Amino acid sequence: LNPKEQPLGPDGGWRESAGAWLKLIEAGDPSRELLLDPFMLTAAGDVSGLRVLDVGCGEGRFCRLLTVRGAKCVGLDLTRELLTAARAKTDGREAYVLGSGETLPFRDASFDLVVLYLSLIDIADFRSAIGEAARVLRRGGRLLVAGFSAVASAANGWVRDESGRRLHMPVDRYLEERPLLLEWSGIRILNWHRPLSAYFEAYLGAGLKLLKYVEPMPADPSLKDDPRFEDWFRVPNFDLSVWQKE
Ligand SMILES: C[S@@+](CC[C@H](N)C(=O)[O-])C[C@H]1O[C@@H](n2cnc3c(N)ncnc32)[C@H](O)[C@@H]1O
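The rules behind each value
- Residues numbered from 1 in each chain as written.
- Predicted model: local features only at pLDDT ≥ 70, side-chain atom pairs only at ≥ 80, totals over all residues.
- Heavy atoms only, no water.
- Phe/Tyr/Trp six-rings, centres within 6.5 Å; stacked < 30°, edge-to-face > 60°.
- Helix = DSSP H or I, 4+ residues; strand = E, 2+ residues; numbered from the N terminus.
- Buried < 20%, exposed > 50% of the residue type's maximum accessible area, 1.4 Å probe, protein only.
- Lys NZ or Arg CZ within 6 Å of the ring centre and 35° of its normal.
- Near = heavy atom within 4 Å.
- Polar contact = N/O pair within 3.5 Å; in protein donor to acceptor, adjacent residues only side chain to side chain.
- Areas by Shrake-Rupley, 256 points an atom, 1.4 Å probe, with all protein chains shown as cover.
- Nonpolar A, V, L, I, M, F, W, Y, C, P; charged D, E, K, R; others polar.
- Axes fitted to C-alpha atoms, helices over the stretch in contact; angles between N-to-C directions.
- Left-handed = near helix turned anticlockwise from the far one by under 90°.
- Contact = heavy atoms within 4.5 Å.
- Pairing = 2+ DSSP bridges.
- Right-handed = clockwise from strand over helix to strand, strands pointing away.

Some remarks on the packing of aromatic side chains
Then, number 1: Under the defined criterion, the tally for this structure stands at 10 aromatic pairs.
Then, number 2: Considering the side-chain rings of tryptophan 21 and tryptophan 184, the 6.4 Å spacing of their centres and the 85° angle between planes classify their relative orientation as edge-to-face. Note that tryptophan 21 is positioned in helix H1 (residues 14-27) and tryptophan 184 in strand S8 (residues 178-184), a separation of 163 residues in sequence.
Then, number 3: Owing to a relative accessible area of 10%, tryptophan 21 belongs among the buried residues under this scheme.
Then, number 4: Judged by centre distance (5.2 Å) and plane angle (90°), the rings of phenylalanine 106 and phenylalanine 111 are edge-to-face. Pair check on accessibility: phenylalanine 106 and phenylalanine 111 agree, each one buried.
Then, number 5: An aromatic cluster of at least three residues, connected via ring pairs, comprises Phe200, Tyr203, Tyr213 and Trp243.
Then, number 6: Lying over the aromatic face of tryptophan 158, arginine 166 brings its terminal NZ or CZ to 5.8 Å of the ring centre.

Listed below in C-alpha cells is the structure:
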C-alpha cells in the first residue's frame, strides 16, 4: 500500500476510533437493528449449543444476541478497547479474545459457525481472513458474512442535487481493490473496496460452498418514506452471504 493511502496505521484507525464507535453503537445503529440483524439471525437459524466464533466482534453486540439464543460464543477482535467494553457487557457466557482475523488463534475445525459481521471490509488481508474462517470451521459448518455491498463501496457516497437529494451513486474503479478512508461521527477508519468476484474467488478457493446470498431491504415498507432510509430501497448498501465448509 502507498503510505498516503494508509494514513491510519496497521489497525486501520480502530484504536483511535474506539470511543466514538462505542458511542455510535450504544446510541443504536439503524443499519444493524432495522436491516441486518433480522437477516443475520434468520440466517444463523437455531444456534442452540453451537460453538460460534464472531471475528471482528467489536463490543460484542452480535455475540450477545447469539448467546441469548443458546450459542457458545467466542468473540475475537483486534481492538483492545472494544474488547474491554465487550467484557464489561457480558454476563460471563461469552469469551473475548484479542487477535487478528488474518491469523486465528484456534485449532482447525473448532467451530460450528463463524460470523463476520461488517468486519471483513475492515480487514486488510481478506483472503487470509476467509481462509482462516474456513480452517477453524468443522466440515459442514457455516460462515455467515454481512458486508458492504461492492456497489456501494465502489461509489462511497451519493451524488446529490443542490437541496441534498440523492441523485445516484457514482460507481467507478469497481474492479480495483483499494482502501477507503471513512470519516463520520468522530470515527476515522480504513475500509476496503473489493469487487464481488474477488470475494467469491476467495470463498470458493477456501473450500466453501454458497448457501445463500441476500441484498437486504427493510422488512418494514413504511421506512421508505423516511429520508434516512430511502437509499436502502434504491441500492444495495449491504450484502449477506452464508457459506458451508465442504
Ligand atoms: C465495523 S466494526 C464491526 C464490529 C461488530 N462486528 C459489529 O457489527 O458491531 C469492525 C470491527 O473489526 C475489527 N477489526 C479490524 N481489523 C481487524 C482484524 N484484522 N482482525 C479482527 N478484527 C478486526 C475492528 O476492531 C472493529 O471492531
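On we go.
Some details on the site of the ligand
Then, number 1: Taken together, 19 residues lie near the ligand, and Gly56, Asp77, Thr79, Gly101 and Tyr117 sit nearest.
Then, number 2: Within the backbone of leucine 78, one N or O atom sits 3.5 Å away from a nitrogen atom of the ligand.
Then, number 3: One of the side-chain N or O atoms of threonine 79 is found 2.6 Å from an oxygen atom in the ligand.
Then, number 4: Here the ligand has 590 Å² of accessible area as a free molecule, and 97% of this is covered by the chains.
Then, number 5: Partitioning the shell around the ligand into residue classes produces eight nonpolar, seven polar and four charged.

Thoughts on the packing of helix H5 (residues 126-136) against helix H7 (residues 196-205)
Then, number 1: Remark: H5 packs on H7, axes separated minimally by 9 Å, with the N-to-C direction vectors making an angle of 35°. In the crossing of H5 with H7, the sense of the turn from one axis to the other is right-handed. Of H7, the residues touching H5 (which contributes Phe126, Arg127 and Ile130) are Ala198, Tyr199, Ala202 and Tyr203.
Then, number 2: Class assignment for the residues of the contact of H5 with H7 results in six nonpolar, no polar and one charged.

Structural notes on the pairing of strand S5 (residues 137-148)
Then, number 1: Pairing of strand S4 (residues 111-117) with S5 involves six bridges; the strand directions are parallel. Pairing of valine 115 across the sheet is with leucine 144, part of S5.
Then, number 2: Crossover S4 to S5 through H5 is right-handed.
Then, number 3: Pairing of S5 with strand S11 (residues 238-245) involves seven bridges; the strand directions are antiparallel. Each residue of the ladder has a partner; that of alanine 146, found in S11, is leucine 240.

Geometric descriptors of this kind do not, in isolation, establish any biological role.
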